[in-house]
Amino acid sequence: MLKPMHIDLILPQAQAYAEAHTTPQDTLLAELEAYTLTHHAHAHMVSGHLQGRFLAMISRMVQPRRVLEVGTFTGYSALCLAEGMTEDGQLHTIDCRPEDVQLARSFFDRSPSGDRIHTHLGDAMEIIPTLQESWDLVFLDADKVNYINYHEMIIPLMRPGAWMVADNVLFHGQVLEDPVKGKNAKAIDAYNRHVMEDVRVQQVMLTIRDGLMLIRKKSELA
Ligand SMILES: C[S@@+](CC[C@H](N)C(=O)[O-])C[C@H]1O[C@@H](n2cnc3c(N)ncnc32)[C@H](O)[C@@H]1O
């Protein structure tokens, strides 16, 4: 059986150069990344330094009051997304794995914005409708097969002009195959086409790490 294509999308030298010219992560994030890399069986899922600084930069640009993250993992991206929140800002992050939520919580509790980060344990498809918020910034980073469902559920809950970032939209280069193979790569490819056809949003696909889709809900919809 043919193995799915796994392209090293970014030249390792380019990645190292980009990281070397990006603001360093703080000590808490460095500790969390190192802990995740040494202790977690799925360590590759952590956003890490470069993507983390990008998410923090987006957060500082948007200055969100309400942030939603779908897919907490060990909490790295949530800490980055919290950086630009307003003083009364609140971040809600969802994951279905208790051990990850517990680990993330232990790091949130050591962060200055920890009391404004709310963890939710369970299936995001069930939890999202229970959160009565109007989202300013959303990070989509959970099960790929549900990306279209999350998008359809969350876009109406975002304020006009709000922002969403979706991770892994290049899915290790597997979306470049013809035909696209594998359940997750197919789901991501379908999601990318879905966003492209969604008249409620504008988007730009960024080739950072595994691909990020930066999406803006049109304010004309107000
Ligand atoms: C790629 S990781 C998130 C990485 C994290 N955002 C970061 O950047 O460090 C995806 C996470 O989504 C969670 N997840 C997958 N399906 C889910 C679902 N249906 N509901 C809630 N969480 C889910 C997994 O347990 C996993 O921790």
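Residues numbered from 1 in each chain as written. Predicted model: local features only at pLDDT ≥ 70, side-chain atom pairs only at ≥ 80, totals over all residues.

The step from D178 to P179 runs through a cis peptide bond, and the omega angle for that step is 0°. Along the chain, P179 falls in the loop between β5 (158-167) and α8 (183-197). Notably, Q63 is not glycine yet its phi reads approximately 50°, a positive angle. As for its position among the elements, Q63 is in the loop between α3 (48-62) and β1 (66-70). On the basis of neighbour count, Q63 is assigned to the exposed category, with 12 C-beta atoms found within 10 Å. In this structure, H172 takes a positive phi of about 55° despite not being glycine. Take H172: it is sitting in the loop between β5 and α8. Exposure remark for H172: the 20 C-beta atoms within 10 Å place this residue in the buried category. (Helix = DSSP H or I, 4+ residues; strand = E, 2+ residues; numbered from the N terminus. Buried ≥ 20, exposed ≤ 12 C-beta atoms within 10 Å, placed from the backbone.)

Another aspect to go through is the pairing of strand β3 (residues 117-121). With 5 bridges connecting them, strand β2 (residues 90-95) and β3 associate as parallel partners. Looking at the pairing, D95 lines up with L121 of β3. Handedness of the crossover joining β2 and β3 through helix α5 (residues 98-108): right-handed. (Pairing = 2+ DSSP bridges. Right-handed = clockwise from strand over helix to strand, strands pointing away.)

Attention now moves to the sheet that holds strand β7 (residues 212-217). Strand order in this open sheet of 7 strands is β3-β2-β1-β4-β5-β7-β6, and the pairing throughout is mixed. Looking along the sheet, the strands with just one partner apiece sit at the ends: β3 and β6 (201-206). Strand-to-strand twist of the sheet, defined as the mean angle between neighbouring strand axes without regard to direction, takes the value 15°. (Axes fitted to C-alpha atoms, helices over the stretch in contact; angles between N-to-C directions.)

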